[in-house]
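Residue strings, one per chain:
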Amino acid sequence: MTGRRRELSTLRTLRQHRWFALLSMTRVVGALLAVALLLVHRVTHDDPLLAVITALWTPISLLALRQTEDAEWAPAVWALDALAALGLVLAGGDWRSPFYVFALTTLILPATALPWRTAVAWGLGFSGLYGVVALLTQKLPVDTLTNTIRLETLATHLFVPVVVTTTLAYSSVLLERLRAARGQSERLALQSERQRIAWELHDSAKQRVHAAHLMVSALDPRGFDHQGHDLLGGALSELRAATADMETSVAELRTPLDGRPVDELLRERAAELTLSGLARIDVLGRLPLLPPLVAAHAYRIAAEALTNAVRHAACTKITVTLGDAPEGARLEIADDGVGMPPGDRPSGHGLRSMHGRAETIGAQLHIGPGPGGRGTSVALALPHPGGTP
Amino acid sequence: MIRLLIVDDHPAMRAGLTAVLRAEPGIIPLATASSELDLEPTLHRTKPDVVLLDYHLPGADGLKLCRRLKREVPAPAVLLYSAYADSSMVVPAILAGADGLLNKSAPAPELYDALRAVARGDRVLPPVPRELMEAAGQAVDSSDLPILAMVVDGTPISEVAEALRIPVRDVSRRLDGMIERLRVEIAAV
């Protein structure tokens with residue numbers, strides 16, 4: 001199990017840093033090639049020194065490139081890396097250099113990380129610089145332009161960097177598009193699956209619950225003794241809570257909170273409702289991050305309270321106060337409107353579902369007159385995330 | 001004695017409604033229909049006083065069927081029965097000529113009362129909140145506003161036509177247009 005996980009995580013690292021992996025592999029090969037050529041053939045007077053420099057520079061450069069891979073100024077490091085490689089070519093004294101492959105590896109990161117036009121320009125710039133280095137080595141005799149083999153060799157040396165950069169830039173763009181397309185199709189699949197579940201919940205399960213509720217509610221309570229009466233009431237309230245739960249799930253499946261924090265969503269909703277021009281809504285304070293189910297119900301309760309206030313309270317100002325305390329998070333929606341009708345208010349469907357939701361997540365919901373007996377206040381005390389403190 | 005036709009696409013709902021309403025004195029569930037196709041022959045066979053109509057049916061919504069039922073002579077009373085707890089369907093329901101609108105989560109006694117009320121010719125519609133009426137007014141053509149106002153106020157279509165001095169058929173056509181615009185998208189609820 002551990003071995004498998006390790007293998008998988010290595011693969012993941014490789015996938016995430018695939019271009020750096022390619023750079024490491026090719027650079028090591030390039031360095032080995034250069035060292036071998038230096039030691040086997042006599043290239044300069046200082047072959048052993050150059051070999052040692054190459055052997056040291058390879059890990060140092062790779063380490064430096066790895067460290068700065070994500071930095072904003074990484075292109076400066078890449079440019080220095082390219083200049084250093086060209087410096088090695090120059091030190092070799094000939095543009096047909098054992099360091100050629102090594103120098104080509106400096107193109108990998110810029111080609112794959114920069115926008116493709118910039119990458120191609122980078123490749124062209126590299127070729128130009130290589131031409132300058134070739135001139136500086138003074139190994140370009142005048143007959144280069146007429147000697148086919150010489151000209152072909154020079155052209156290849158100058159052309160390969162452009163081909164390498166263009167190919168890598170193209171692959172990088174393709175990979176990026178592929179990843180985006182895969183992400184998109186996964187999102188779409190998830191969305192359609194959610195729609196399907198929402199539809200099934202609403203179209204089938206909820207209809208059955210409605211039917212059950214209807215049948216139970218048709219029973220004449222006078223035909224029951226005290227205990228039967230209680231059971232009947234319990235069954236009805238459970239069925240109502242089931243409907244409220246399903247409504248939450250359906251709403252959550254159709255417009256998921258997507259793990260976004262409740263206070264952010266509430267601020268958005270408040271801004272939307274404020275736009276209707278009926279009341280001003282202020283959202284004060286913050287909520288801690290809530291578990292998904294609690295978050296979904298808390299948000300729907302608050303959203304319902306806001307809608308009620310805007311629709312029915314004839315208020316001008318609504319204040320949403322969010323708070324985090326050791327005993328649990330609190331959420332209060334207070335308006336300065338007409339308040340609730342006095343006496344035993346027949347609980348409307350909205351209020352019923354708010355209470356049902358609060359019950360589901362084990363929260364305390366208090367709906368009553370606002371501060372100073374004015375308006376309405378809806379206060380929700382959420383349970384402590386770790387249970388009762 | 002209320003002769004009732006039940007239209008709902010879900011078998012559990014049809015069975016539940018039939019069982020519950022059969023036991024209620026004064027109400028006779030004559031038949032059930034599960035779709036638009038099913039409704040036509042059943043309607044002509046049974047000639048009910050009241051149709052209990054699901055708001056959402058596959059292929060056709062309750063509003064469209066309600067309009068058609070109200071064109072029958074004599075037209076049955078229609079109680080729209082909806083699983084959505086949303087007041088935004090009140091205005092379209094009124095325009096479609098529904099005599100009542102009831103949520104499926106209402107307990108059975110509320111359903112009996114609503115059925116008896118619409119059978120008597122009363123309307124069982126929740127009040128239309130001011131902002132809903134304003135929203136509806138903005139969604140429809142301004143030339144349709146008088147029709148909207150009168151119909152929501154409970155004026156029969158024939159009287160609306162008379163008041164505006166236009167044929168009844170024109171009023172009907174414009175009502176259809178308004179319903180189309182105000183239709184509550186099921187997926188958006």
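To be clear, the structure that these remarks concern was listed above.
Residues numbered from 1 in each chain as written. Chains lettered and ligands numbered in written order. Predicted model: local features only at pLDDT ≥ 70, side-chain atom pairs only at ≥ 80, totals over all residues.

**Student:** I'm lost on the overall build of chain B in this one. Help?
**Tutor:** The secondary structure content of chain B amounts to nine helices and seven strands. Residue pairs at least 24 apart in sequence account for 61% of intrachain contacts in chain B once pairs closer than 6 positions are excluded. (Helix = DSSP H or I, 4+ residues; strand = E, 2+ residues; numbered from the N terminus. Contact = placed C-beta atoms within 7 Å.)

**Student:** Help me understand unusual backbone geometry, please; the structure alone is not making it clear to me.
**Tutor:** Leave glycine aside and you will find that most residues have negative phi; peptide bonds, for their part, are mostly trans. All names here are of chain B. Cis geometry marks the peptide bond from Val73 to Pro74, where omega comes out at -10°. Considering the arrangement of structural elements, one finds Pro74 in the loop between α3 (62–70) and β6 (77–82). Unusually for a residue other than glycine, Lys47 sits at a positive phi of about 45°. Turning to its location among the elements, Lys47 is positioned in the loop between α2 (36–46) and β3 (50–54). Since 12 C-beta atoms lie within 10 Å of it, Lys47 is described here as exposed. (Buried ≥ 20, exposed ≤ 12 C-beta atoms within 10 Å, placed from the backbone.)

**Student:** How do you make sense of the packing of helix α2 (residues 18–40) of chain A against helix α3 (residues 47–67) of chain A when you look at a structure like this?
**Tutor:** For any two helices packed against each other, the geometry is given by the interaxial angle and the distance between the axes. Residues and elements named next belong to chain A. Axis separation between α2 and α3 bottoms out at 9 Å; the angle between their running directions is 175°. In terms of orientation, α2 and α3 fall into the roughly antiparallel class. Judged by residue contacts, Phe20, Leu23, Ser24, Arg27, Val28, Ala31, Ala34, Val35, Leu38 and Leu39 of α2 engage Asp47, Leu50, Ala51, Thr54, Ala55, Thr58, Leu62, Leu65 and Arg66 from α3. Counted by class, the contact of α2 with α3 contains 13 nonpolar, three polar and three charged residues. (Axes fitted to C-alpha atoms, helices over the stretch in contact; angles between N-to-C directions. Parallel < 35°, antiparallel > 145°, perpendicular 65-115°, else oblique. Nonpolar A, V, L, I, M, F, W, Y, C, P; charged D, E, K, R; others polar.)

**Student:** How should the packing of helix α4 (residues 74–92) of chain A against helix α7 (residues 116–136) of chain A be read in this particular structure?
**Tutor:** Residues and elements named next belong to chain A. Following both chains from N to C, one finds α4 and α7 inclined at 25°, their axes separated by 10 Å at the closest point. Considering the angle they form, α4 stands roughly parallel to α7. Read as a crossing pair, α4 and α7 show a hand that is right-handed. Contact residues: Ala82, Leu86, Val89 and Leu90 in α4; Phe126, Leu129, Tyr130, Val133 and Leu136 in α7. Considered class by class, the residues forming the contact of α4 with α7 number nine nonpolar, no polar and no charged. (Left-handed = near helix turned anticlockwise from the far one by under 90°.)

**Student:** Would you explain the sheet that holds strand β4 (residues 364–369) of chain A in this entry?
**Tutor:** By way of backbone hydrogen bonds, the strands of a sheet pair with one another, either parallel or antiparallel. Residues and elements named next belong to chain A. The five strands are arranged β1-β2-β3-β5-β4 in an open sheet whose pairing can be described as mixed. Only two strands of the sheet have a single neighbouring strand rather than two, namely β1 (280–284) and β4. Here the strands of the sheet are splayed against their neighbours by 10° on average, with no regard to which way each runs. Examined bridge by bridge, β4 and strand β5 (residues 376–381) share six bridges and lie antiparallel to one another. The partner of His366 across the bridge, within β5, is Ala379. Of the strands in this sheet, β1 and β2 (317–325) touch helix α10 (residues 262–275), which is tilted by about 165° from β1. (Pairing = 2+ DSSP bridges.)

**Student:** I'm lost on the interface of chain B and chain A in this one. Help?
**Tutor:** By a widely used convention, the size of an interface equals the accessible area lost when the partners come together. Facing 18 residues of chain B, the contacting portion of chain A comprises 15 residues. A total of seven residues in the side of chain B that touches chain A trace back to one element, the largest contributor, which is helix α1 (residues 11–22) of chain B. Its residues assigned to classes, the side of chain B that touches chain A comprises twelve nonpolar, four polar and two charged.

**Student:** Which parts of the structure should I look at to understand the pairing of strand β1 (residues 2–7) of chain B?
**Tutor:** Across a regular strand the side chains alternate sides, sitting on one face of the sheet and then on the other. Residues and elements named next belong to chain B. Most of β1 is tucked away, with five of its six residues classed as buried. Where β1 and strand β2 (residues 27–33) come together, six bridges link them in parallel fashion. The residue bridging Ile6 from the neighbouring strand is Thr32, located in β2. Chirality of the crossover, the property in question, places the unit of β1, α1 and β2 among those that are right-handed. (Right-handed = clockwise from strand over helix to strand, strands pointing away.)

**Student:** Explain the sheet that holds strand β7 (residues 100–103) of chain B here, please?
**Tutor:** Residues and elements named next belong to chain B. Reading across from one edge, β2-β1-β3-β6-β7 is the order of the five strands in this open sheet, with parallel pairing throughout. Whereas interior strands pair on both sides, the edge strands pair on one side only; in this sheet they are β2 and β7. Neighbour-to-neighbour, the strand axes of the sheet open up by a mean angle of 25°, direction not taken into account. Strand contacts of α1: β1, β2 and β3, with the helix running at about 165° to β2, the strand carrying the most contacts. Its contacts with the sheet place helix α5 (residues 108–120) against β1, β2, β3, β6 and β7, and it is angled at close to 175° to β7.

**Student:** Looking at this model, I keep getting lost on the nonpolar core. Mind explaining?
**Tutor:** The nonpolar side chains of soluble globular proteins are, as a tendency, buried together. In terms of nonpolar packing, the biggest core is built from 57 residues, with Val50(B), Leu52(B), Leu53(B), Leu79(B), Leu80(B) and Leu115(B) touching the most fellow members. Looking at this core, the element that brings in the most residues is α5(B), giving six residues. In terms of domain composition, this core takes at least three residues from each of domain 1 (2–120) and domain 2 (130–188) of chain B. If sequence neighbours within four positions are ignored, Leu80(B) has contacts with Leu53(B), Tyr55(B), Gly62(B), Cys66(B), Ala93(B), Ala98(B), Gly100(B) and Leu101(B). Counting residues in hydrophobic clusters, the runner-up holds 35 residues, among them Val262(A), Leu273(A), Ala305(A) and Val320(A). (Core = buried A, V, L, I, M, F, W, Y, C linked by C-beta atoms within 7 Å. Domains from an automatic or database assignment.)

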